[in-house]
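Coordinate analysis (summary)
Next come the chains, spelled out residue by residue.
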Amino acid sequence: MNNQNSNRRRDFIKTSALVTGGLILQPWNIPGAYASGTDEIKLAVIGCGGRGTGAVFQAFETGHNIKLVAMADAFRDRIDKSYEPILDKYGADKVDVPEERKFVGFDAYKEAIKLADVVILAAPPGFRPDHFEESVKQGKQIFMEKPVATDAAGIRRVLAAAEEAKKKKLNVVVGLQRHYQDNYRETIKRIHDGQIGDIVGGQVYWNDGGVWVNARQPGQTEMEYQMRNWYYFNWLCGDHITEQHVHNIDVANWVKKGHPVKAYGTGGRQVRRGKDHGEIFDHHSVTFTYDDGTVIFSECRHFPGAANRVDETFQGTNGSVYLSAGNHGILTDRSGKELYNHDRQNNRNPYQVEHDELWAAIVEGEYKFADAENAAHSTMTSIMGRYATYSGKVVTWDEAINSEVDLMPETLAWDAMPRVLPNEDGYYPHAIPGKTKVF
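In this text the structure is predicted, and so the values were computed from the model without any measurement.

**Describing the UniProt feature "domain: Gfo/Idh/MocA-like oxidoreductase N-terminal" (unreviewed entry) in the chain**
Per the UniProt record, "domain: Gfo/Idh/MocA-like oxidoreductase N-terminal" (unreviewed entry) is found at residues 41-168. Taken end to end, residues 41-168 comprises 46% helix and 20% strand; its first and last C-alpha atoms sit 19 Å apart.

**Regarding the state of the cysteines**
Applying the stated criterion across every chain, the model contains zero disulfides. Cys48 takes part in no disulfide bond, and the closest cysteine sulfur, belonging to Cys237, lies 19 Å away. You can call Cys48 buried: its relative accessible area is 2%. Sulfur of Cys237: no disulfide; nearest cysteine sulfur belongs to Cys300 and is 10 Å away. By relative accessible area, Cys237 is classed as buried at 0%.

**Some remarks on the packing of aromatic side chains**
Under the definition given, this model contains 17 aromatic pairs. Taken together, a centroid distance of 4.6 Å and an interplanar angle of 45 degrees make the contact between Phe106 and Trp414 tilted. Taken together, the residues span a long stretch of sequence, with Phe106 in the loop between β3 (102-104) and α4 (108-114) and Trp414 in the segment after α13 (397-401) at a distance of 308 residues. Judged by centre distance (5.9 Å) and plane angle (80 degrees), the ring pair of Phe127 and Trp235 falls under edge-to-face. Separated by 108 residues along the polypeptide, Phe127 in the loop between β4 (118-121) and α5 (128-137) and Trp235 in the loop between α8 (222-228) and α9 (240-243) bring together distant segments of the chain. Each member of the pair Phe127 and Trp235 is classed as buried. Connected via pairs of aromatic rings, a cluster forms that spans Phe75, Phe106, Phe127, Trp235 and Trp414. A cation over a ring is seen here: Lys102 above Tyr83, with NZ or CZ 3.7 Å from the ring centre.

**Some details on the packing of α5 against helix α6 (residues 152-167)**
Contact geometry of α5 with α6 gives a least axis separation of 9 Å together with a crossing angle of 15 degrees. Here α6 runs roughly parallel to α5, going by the angle between their axes. When the axes of α5 and α6 are compared, the crossing they make is left-handed. For the pair α5 and α6, contact is made by Pro129, Asp130, Phe132, Glu133 and Val136 and by Gly154, Arg157, Val158, Ala161, Ala162, Glu164 and Ala165, respectively.

**Notes on the sheet that holds strand β2 (residues 66-73)**
Strand order in the open sheet formed by six strands is β3-β2-β1-β4-β5-β6, with parallel pairing between adjacent strands. The open sheet has two free edges, formed respectively by β3 and β6 (172-174), since each of these has just one partner strand. Taking each pair of neighbouring strands and ignoring which way they run, the sheet shows an average axis angle of 15 degrees. Of the pairings in the sheet, the one linking β2 to β3 comprises three bridges and is parallel in character. Across the sheet, Ala72 pairs through a bridge with Phe103, a residue of β3. Where helix α2 (residues 50-60) meets the sheet, it contacts β1 (41-46), β2, β4 and β5 (141-144), and its direction lies at approximately 170 degrees from that of β2.

**Some points on the pairing of β4**
Residue alternation in β4 divides its side chains into two sets, Val118 and Ile120 and Val119 and Leu121, and both sets are buried. By the bridge criterion, four bridges tie β1 to β4 in an arrangement that is parallel. Across the sheet, the residue bridging to Val45 is Ile120, located in β4. Note: β4 against β5, four bridges, orientation parallel. Bridge pairing in β5 places Val119 opposite Ile142. On the question of chirality, the crossover connecting β4 to the parallel β5 by way of α5 is right-handed.

**Examining the pairing of strand β7 (residues 199-208)**
Counting buried residues along β7, eight of its ten residues qualify, which places the element largely inside the surrounding structure. Both β7 and strand β11 (residues 309-316) contribute to a ladder of eight bridges, which runs antiparallel. Across the sheet, Gly202 pairs through a bridge with Phe314, a residue of β11. Direction of pairing for β7 relative to strand β10 (residues 295-302): parallel, over a ladder of eight bridges. Counted as the bridge partner of Asn207 is Arg301 from β10.

**Some remarks on the confidence of the model for the chain**
Averaged over every residue, the pLDDT of the chain is 93; the share at 70 or more is 91%. Here residues 18-37 scores under 50 on pLDDT; set against residues more than four positions off or in separate chains, the count is 33 contacts.

**A few points about the UniProt feature "domain: GFO/IDH/MocA-like oxidoreductase" (unreviewed entry) in the chain**
As annotated in UniProt, the feature "domain: GFO/IDH/MocA-like oxidoreductase" (unreviewed entry) corresponds to residues 185-321 in the numbering used here. End C-alpha to end C-alpha, residues 185-321 measures 13 Å, and it is 22% helix and 31% strand.

**With respect to unusual backbone geometry**
Look at the link from Lys146 to Pro147: it is a cis peptide, with omega at -25 degrees. As for its position among the elements, Pro147 is in the loop between β5 and α6. At Lys257, a residue that is not glycine, the phi angle is positive and equals roughly 60 degrees. Relative to the assigned elements, Lys257 resides in the loop between α10 (246-256) and β8 (262-268). Its relative accessible area of 64% is what places Lys257 among the exposed residues. For Asn346, which is not glycine, the phi torsion reads 60 degrees and is therefore positive.

**Describing helix α7 (residues 182-192)**
Among all positions in α7, only Asp182, Asn183, Tyr184, Thr187, Ile188 and Ile191 are buried. The inward-facing, buried residues of α7 contact β7, α10, β11, β12 (319-324), β13 (329-333) and β14 (338-341). Note on α7: the residue one or two positions beyond its end, Gly194, has a positive phi of about 95 degrees.

What counts and how
- Residues numbered from 1 in each chain as written.
- Predicted model: local features only at pLDDT ≥ 70, side-chain atom pairs only at ≥ 80, totals over all residues.
- Heavy atoms only, no water.
- UniProt positions renumbered as here; feature names shortened; annotations may be inferred.
- Helix = DSSP H or I, 4+ residues; strand = E, 2+ residues; numbered from the N terminus.
- Disulfide = S-S within 2.5 Å.
- Buried < 20%, exposed > 50% of the residue type's maximum accessible area, 1.4 Å probe, protein only.
- Phe/Tyr/Trp six-rings, centres within 6.5 Å; stacked < 30°, edge-to-face > 60°.
- Lys NZ or Arg CZ within 6 Å of the ring centre and 35° of its normal.
- Axes fitted to C-alpha atoms, helices over the stretch in contact; angles between N-to-C directions.
- Parallel < 35°, antiparallel > 145°, perpendicular 65-115°, else oblique.
- Left-handed = near helix turned anticlockwise from the far one by under 90°.
- Contact = heavy atoms within 4.5 Å.
- Pairing = 2+ DSSP bridges.
- Right-handed = clockwise from strand over helix to strand, strands pointing away.
- pLDDT = per-residue confidence, 0-100.

As structure tokens, then:
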């Protein structure tokens, strides 16, 4: 890198970290600013599970001069399980996280963020609004995982922080990685160019056998149990329509260039009904209606042994399209004639591409990425779908996003109680369509 680019990058990070409102600080007083004369970029990871660990690997694989300097998680064992493979692969010259920079607990993220130029936010989704707000407040460049909240209150906070990030020119990339996947980019560009006319319908799916279960252990408090088994509690996960199916719902919004105005659907607990399955449904079916009348059908389910399907199809006035994470991107006209078939060979790994492009912008001192608003709208679409399936009612966008639903516990502490608790038999209450009121 030449000196001009190096200086521009350092100036960019320093400027982004300044508090807005005209306050000018000396660079050495700015938390996370580059040390004078060095090109080293300091990284912190918040949430040290598989996704956080993977994101650190992908950051290092960009090849830039990055050093991991801090790690934070609610659980110490998660830090240890993440730290060891990162250190083994990249060594002490890239990984400098002594004991005093391994932060544990609900507030650990604040201290880790202070030490970094760039942060990875990969804790369970319920914590994302807190972590994103703090990162923006401290002026950091950000990679955060999807979804970005689990309720309407969290979405509004993310949208407000996204506006602040824009003002501060903080790059924000969100792990809705289909936006960084070649077949989606190329095919959706052709859709937007009008190759199959106006989109008038579609179907999006995430149907598979489900995910892990972490059984309750002796001596765990209720808070620790729910945190360890976070996928099955809405305050942490948002149900799998939000945590997982948000990818496909996001594609629908991308294709339609906006979010739906209402949702209607149903769902329930058909095959996954154990004590370890918390409160979430195992299937959701929703019709999303957009402002031009287009209806997109959305389906997600966790049925072990049933047929799997994870993809998206859309119908236009002049043809149709098929997309999938397996690098498909096929456009056909109304007679079935192929208009475009994406070359599935040599496609780049989208999980790596999102980091390659984010870090390239940071290194070049450029402000290029503002993913948070789109991610908030796609996450809110999935939450609106959950409100519809839980209640069995038609739910409008305005009702959903303006609702006062706030799932977070009043107090975050190991001896505090979450809002949803098991009955005397160990089973958690769950929504019943037609009876449950969501707001």
